[in-house]
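# Structural characterization, general
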Amino acid sequence: MVPWDGRGALGGGGGFPHRMIMEIYEQPKALEDTMVKEDDEVRRVAEIIDQRRCELIYITGSGTSYHAGLAGGYALSTLTGMITSTIPASEFESWIPPSIPRRSLLLAISQSGESSDILEAAKAASGRGIMVVALTNTPGSPLAEVSDHVLLTHAGREYAVAATKTYTAQLSILYMLSLELARLTGLAPWSVEELRASLSSTPRLAREALMMNDKPIEGLAYRFRQSNYFFLLGSGPNYATALEGALKLKEACNIYAEGFAAREFLHGPIQLISGGTPSIFIAAGEDVKRLMRLALSIKGFGAPLIPVSDRPEGLSAVSQEVVRVPGGLPGIFSPIIFIIPLQLFAYYGSKARGLDPDRPEKLRKVVR
Ligand code: BG6
């Protein structure tokens, strides 16, 4: 259990043994700061997008930033009816047509604003006359320089290689932008004001997720310290959570972990399931019922199942031990909270394997 005053960042290391866990615990504050400090700029950029009558939003990023783009694309299209296309930054130029319709936009996401792939993607879009909006944690970064507009996450500098606080802060900006565009276009299927109130509860829910999970996840990670293969299954916006949770396990624990869109798992990969492949089953709200048959199949093949859910009572048929996340958030925003126990699992898994979670030996914070 880490020392924590329950408020968020403790500053100067604050007694945390590693940067990664300190940054995981800084998330409530990073969310709060980002939502307060960037509100005006998000509104301004949303107005510009609305005035240009953009119909297609390309989204790009690498690694964690790409996963934020997937979850953000889900929110943007669900709330505004706009078409979104999320493409990994390294593939962006080859996947887009030589001439993009002018009423499209590129959202270029990068914590550092320095990765060479994101810079190439932004330049490719600019070269085709497309407006580029950067979403970065680094004002004045090369990405900010080459973009038409910049939205900032206010997460503070992130030192650990495995991105945590910048991921949830990126999600908060993408959700704010989705809500503002939904308000301007009047196309939101639900009340924008109610959704805004839900989003503003995420710092509190993130705190709760940390408090309720720290100790149990430490124990869980220790129990699974000898497992070298994990499957993570998630649906809707939590497909992104499955990919991001798997990336954290690869980066911090040096093990093979793969994320899937839940039912895609049935189309081939389930062949690999066995007693040695624990499966993390991410089920938000109604997904618990919708995906129950899949969970039962996995359990039937003898794989240990680790459900992560805001409806733990619905999962007693598949596991006595459910990782709980606080409820009350609409599914569309749930990735912000659902990733938190998976970040903790990766951190404690790294420690349990005797690794340094802050310094995966083959990785760099920025790929140039
Ligand atoms: C990789 C890191 O090098 O870059 C990932 O290992 C990170 O953790 C990715 O998500 C993208 O970085 P950035 O700064 O462009 O968001």
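Residues numbered from 1 in each chain as written. Predicted model: local features only at pLDDT ≥ 70, side-chain atom pairs only at ≥ 80, totals over all residues. Heavy atoms only, no water.

### Looking at the sheet that holds strand E10 (residues 323-324)
So the rule is basically this: Strands qualify as paired when DSSP identifies two bridges or more between them. Numbering of helices and strands runs from the N terminus, with a helix taken as a DSSP run of H or I at least four residues long and a strand as a DSSP run of E at least two residues long. Contacts are assigned to residue pairs that have any heavy atoms within 4.5 Å of one another. Here an angle of 0 to 180 degrees is reported between the N-to-C directions of two axes, which are lines fitted to C-alpha atoms, with helices fitted over the stretch in contact.
Read across the sheet, five strands follow the order E7-E6-E8-E9-E10 without closing on themselves; strand pairing throughout is parallel. Two strands close off the open sheet at either side, each with one partner strand: strand E7 (256-261) and E10. Bridge analysis of strand E8 (residues 279-283) against strand E9 (residues 305-309) gives five bridges, and the strand direction is parallel. Counterpart to phenylalanine 281 in the pairing with E9 is proline 307. The sheet strands contacting helix H11 (residues 238-253) are strand E6 (229-234), E7 and E8, and the helix crosses E7 at an angle near 175°.

### Focus on the packing of helix H2 (residues 27-37) against helix H8 (residues 165-185)
To be explicit about the condition: Roughly parallel covers angles under 35 degrees, roughly antiparallel covers those over 145, roughly perpendicular covers 65 to 115, and oblique covers all other angles. Each crossing is labelled by how the near helix is turned from the far one, with a counterclockwise turn of less than a right angle marking it left-handed and a clockwise turn marking it right-handed.
For the pair H2 and H8, the least separation of the axes is 9 Å and the interaxial angle reads 30°. With respect to their mutual orientation, H2 and H8 come out roughly parallel. Relative to H8, H2 is oriented so that their crossing is right-handed. Within the contact between the two elements, H2 uses Gln27, Ala30, Leu31, Thr34 and Met35 and H8 uses Lys165, Thr168, Ala169, Ser172, Ile173 and Met176.

### A look at the sheet that holds strand E2 (residues 83-88)
Strand order in the open sheet made by the five strands is E2-E1-E3-E4-E5, with parallel pairing throughout. The outermost strands of the open sheet, each flanked by one partner alone, are E2 and strand E5 (149-152). The average undirected angle you get between the axes of adjacent strands in this sheet is 20°. Relative to strand E3 (residues 104-110), strand E1 (residues 56-61) runs parallel, the two sharing five bridges. The residue of E3 that forms the bridge with leucine 56 is serine 104. Against the sheet, helix H6 (residues 116-127) touches E1, E3 and strand E4 (131-136), its axis set at about 165° to E3.

### Quick word on the packing of aromatic side chains
We apply this condition: Two aromatic rings, drawn from Phe, Tyr or Trp (for Trp, its six-membered ring), form a pair once their centres lie within 6.5 Å of each other, and the interplanar angle then sorts them: stacked below 30 degrees, edge-to-face above 60, tilted otherwise. Think of it in three bands: with a 1.4 Å probe and only protein chains considered, a residue is buried below 20% of the maximum accessible area for its type, exposed above 50%, and partly exposed in between. We call a charge positioned above a ring when the Lys NZ or Arg CZ atom is no farther than 6 Å from the ring centre and deviates by at most 35 degrees from the ring normal.
Evaluation of the coordinates by the stated rule reveals ten aromatic pairs. Look at phenylalanine 224 and phenylalanine 230: their rings are 6.2 Å apart centre to centre, the planes differ by 65°, and that puts the pair in the edge-to-face class. Taken as a pair, phenylalanine 224 and phenylalanine 230 share a single burial class, namely buried. Both rings, one in tyrosine 347 and one in tyrosine 348, keep their centres 5.0 Å apart while their planes meet at 65°; by these two values the pair is edge-to-face. Here the two residues tyrosine 347 and tyrosine 348 agree in accessibility, since each one is buried. Through a chain of ring-to-ring contacts, three or more aromatic side chains come together here, namely Phe224, Phe230 and Phe345. Here arginine 19 stacks its cationic end above the ring of tyrosine 159, 3.9 Å away from the centre of that ring. Above the ring of tyrosine 222, the side-chain terminus of arginine 225 is found at 4.0 Å from the ring centroid.

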